[in-house]
Amino acid sequence: MSALGAVETIAIGGGGVGGVGNSPGSAGGTSSFGGVVSAPGGDGGSAVEISGVALDAVSGVPGPGAGIGQFAQGGGGGGGAIRLSGTQGLAGAGGESRLGHGGYPRASEGPGTTTRGYGAGAGGSLSFGGNVAGLDGGKGIVIIELYG
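It should be emphasised that the depicted structure is a prediction, and the values quoted were computed from it without experimental measurement. (Residues numbered from 1 in each chain as written. Predicted model: local features only at pLDDT ≥ 70, side-chain atom pairs only at ≥ 80, totals over all residues. Heavy atoms only, no water.)

Let's talk about the sheet that holds strand β4 (residues 56-58)
Overall, antiparallel pairing links the three strands, which are arranged β4-β5-β6 in an open sheet. Two strands bound the open sheet, and with one partner strand each, they are β4 and β6 (89-90). The sheet contact formed by strand β5 (residues 81-83) and β6 spans two bridges and is antiparallel. In the sheet register, isoleucine 82 faces β6, and the bridge partner there is leucine 90. (Pairing = 2+ DSSP bridges. Helix = DSSP H or I, 4+ residues; strand = E, 2+ residues; numbered from the N terminus.)

What follows is the structure, given as structure tokens:
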């Protein structure tokens, strides 16, 4: 007898929406397969590096928990950011997932950087004076293998 019902609902979590101006991004959505598998989305990046010229460093956000299912593993955390001066810095890298790579950390002024694959976070944007938008994180995925 199978633990699955005759019909199961599949939900693919959307990627978190990138922040605008000096606002943080939003969290990614949860991907699930019925009540059997559930993988939470990660937190949105933080807009914590305030304007200034003094040397400063801030931590990234932690990765999401493992969720539930046969192959449940948490995701990677987002990278921290460093300000060296008013015109030099490094934005945080996007968090990694088991099926996707996070966006790279920017050292030049510009928008966030895109993900590759599924479930990873976008790299942070870097600005030395104006508003620069972040990019959306990667959407989730559900993979189903049936045997028998």
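Now that the structure has been shown, we can carry on.
Examining the pattern of salt bridges
If you walk through the whole model with that rule in mind, you get one salt bridge. Between arginine 83 and aspartate 56 there is a salt bridge; the shortest N-O distance is 3.9 Å. In this pair, arginine 83 is assigned in strand β5 and aspartate 56 in strand β4, connecting sequence segments 27 residues apart. The class for arginine 83 is buried, based on a relative accessible area of 11%. Aspartate 56 sits in the partly exposed class, given a relative accessible area of 27%. (Salt bridge = Lys/Arg side-chain N within 4 Å of Asp/Glu carboxyl O. Buried < 20%, exposed > 50% of the residue type's maximum accessible area, 1.4 Å probe, protein only.)

Observations concerning the side chain of arginine 83
One polar contact links the side chain of arginine 83 to the main-chain carbonyl oxygen of alanine 54, over a distance of 2.8 Å. Apart from the residues within four sequence positions on either side, arginine 83 is in contact with Glu49, Ile50, Ser51, Gly52, Val53, Ala54, Leu55, Asp56, Gln88 and Gly89. (Polar contact = N/O pair within 3.5 Å; in protein donor to acceptor, adjacent residues only side chain to side chain. Contact = heavy atoms within 4.5 Å.)

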